[in-house]
Amino acid sequence: MVLQPRADSYTYGVKPIENFVWTEERLKQTWDMKINQGRSSLDIAKTLHISKTRVHNAMRRMYRRMYAQCVQCGDPLSEDLRDSLGNRMTSIRCPKCNQAKRDLQHELRERARAMELCGVCHVRPALKGRTACKACISAAHRRRNKKGLCGHCGERPIRKKGKALCIECTVKMRKDAQLRRALNHG
Ligand SMILES: [Zn+2]
Ligand SMILES: [Zn+2]
Ligand SMILES: [Zn+2]
């Protein structure tokens, strides 16, 4: 089963932003549009090129953050967590919900692994001998390359004459390829 990308229509005819993330700046902008300028969620959704649901969800998270509540269960945060919020608009979870989230992610990854599905998207089959699918591996690869890091290990910088890999990973890939050829023809 492969998940299809959602139709453009859900952002009301406006082309959705690819890989939209709620940055601190966007959260502040949204809060300002909604609270100070009194603009509608639909209007904000069109401005940000996202769905109205995402605006609603972000507003709910920010309300909880404003009242110093856990974004998940709504329980009041402990004093030290409240202090750590500072001026940020990003919401946080209480320790209980944090643990629950970790447990759930762990369980989903384990279940995906048992079914030989990708450990990142849990939907597409994992590549042979890998724990992620092709799409998720390439996405991670691109994210790392954008930062100037090796797409494979994500730790070392891309080698001088290369486009995507560090020296160590290039050497390793070449050796692996040689080994594979030897095994296939030997
Ligand atoms: Zn909680
Ligand atoms: Zn995947
Ligand atoms: Zn590398």
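Computed from a predicted model, the values in this text were never measured in an experiment. (Residues numbered from 1 in each chain as written. Chains lettered and ligands numbered in written order. Predicted model: local features only at pLDDT ≥ 70, side-chain atom pairs only at ≥ 80, totals over all residues.)

**Q** I'm lost on the overall build of the protein chain in this one. Help?
**A** When its secondary structure is counted, the protein chain shows seven helices and zero strands. The C-alpha atoms of the protein chain give a radius of gyration of 22 Å, which is well past the 16 Å a tight globule of 186 residues would have. The C-alpha extent of the protein chain, read off along each of the three principal axes, is 70 × 40 × 40 Å. Scored against the burial criterion, the 186 residues of the protein chain give a buried share of 15%. Considering only contacts in the protein chain between residues 6 or more positions apart, those separated by 24 or more positions represent 28%. (Helix = DSSP H or I, 4+ residues; strand = E, 2+ residues; numbered from the N terminus. Rg over C-alpha atoms; globule rule 2.2 N^0.38 Å. Buried ≥ 20, exposed ≤ 12 C-beta atoms within 10 Å, placed from the backbone. Contact = placed C-beta atoms within 7 Å.)

**Q** Looking at this structure, how should I read helix α1 (residues 24-36)?
**A** Residues spaced three or four apart along an α-helix point in a common direction, a consequence of the helix completing one turn every 3.6 residues. If you check α1, its first and last C-alpha atoms are 17 Å apart, about what 13 residues at 1.5 Å a residue would give, namely 18 Å. Of the residues flanking the end of α1, it is Gly38, one or two places downstream, whose phi is positive at about 65°. (Expected span 1.5 Å × (residues − 1).)

**Q** Is there a simple way to explain the domain arrangement of the protein chain in this structure?
**A** On domain assignment, one finds that the protein chain holds domain 1 (9-93) and domain 2 (147-186). Domain 1 and domain 2 are separated by 41 Å when their C-alpha centres are compared. (Domains from an automatic or database assignment.)

**Q** Any chance you could explain the environment of Gln29 here in plain terms?
**A** Within the element layout of this structure, Gln29 appears in helix α1. In this structure Gln29 comes out as partly exposed when scored by C-beta crowding, with 15 C-beta atoms within 10 Å. In sequence terms Gln29 and Asp83 are 54 residues apart; their C-alpha atoms lie 23 Å from each other.

**Q** Help me understand the packing of helix α2 (residues 41-48) against helix α3 (residues 52-66) in this model?
**A** Each pair of packed helices can be summarised by the angle the axes make with each other and by the distance between the axes. Two elements in contact, α2 and α3, have axes whose closest approach is 8 Å; the angle formed by their N-to-C orientations is 110°. Relative to α3, the element α2 lies roughly perpendicular. Here α2 contributes Ser41, Leu42, Ile44 and Ala45 to the contact with α3, which in turn contributes Lys52, Val55 and His56. (Axes fitted to C-alpha atoms, helices over the stretch in contact; angles between N-to-C directions. Parallel < 35°, antiparallel > 145°, perpendicular 65-115°, else oblique.)

**Q** Where do I start with the nonpolar core in this structure?
**A** Looking at soluble globular proteins, one finds that nonpolar side chains tend to be buried together. The biggest cluster of nonpolar side chains holds eight residues, and these are Ile44, Ala45, Leu48, Ile50, Val55, Ala58, Met62 and Met89. Those elements giving two or more residues to this core turn out to be α2 and α3. Core analysis: the next-biggest nonpolar cluster, separate from the first, contains six residues, Leu117, Cys118, Ala126 and Cys136 among them. (Core = buried A, V, L, I, M, F, W, Y, C linked by C-beta atoms within 7 Å.)

**Q** What is the right way to read the environment of Tyr67 from this model?
**A** Note that Tyr67 resides in the loop between α3 and α4 (79-85). Between the alpha carbons of Tyr67 and His141 there is a distance of 39 Å; along the sequence they are 74 residues apart.

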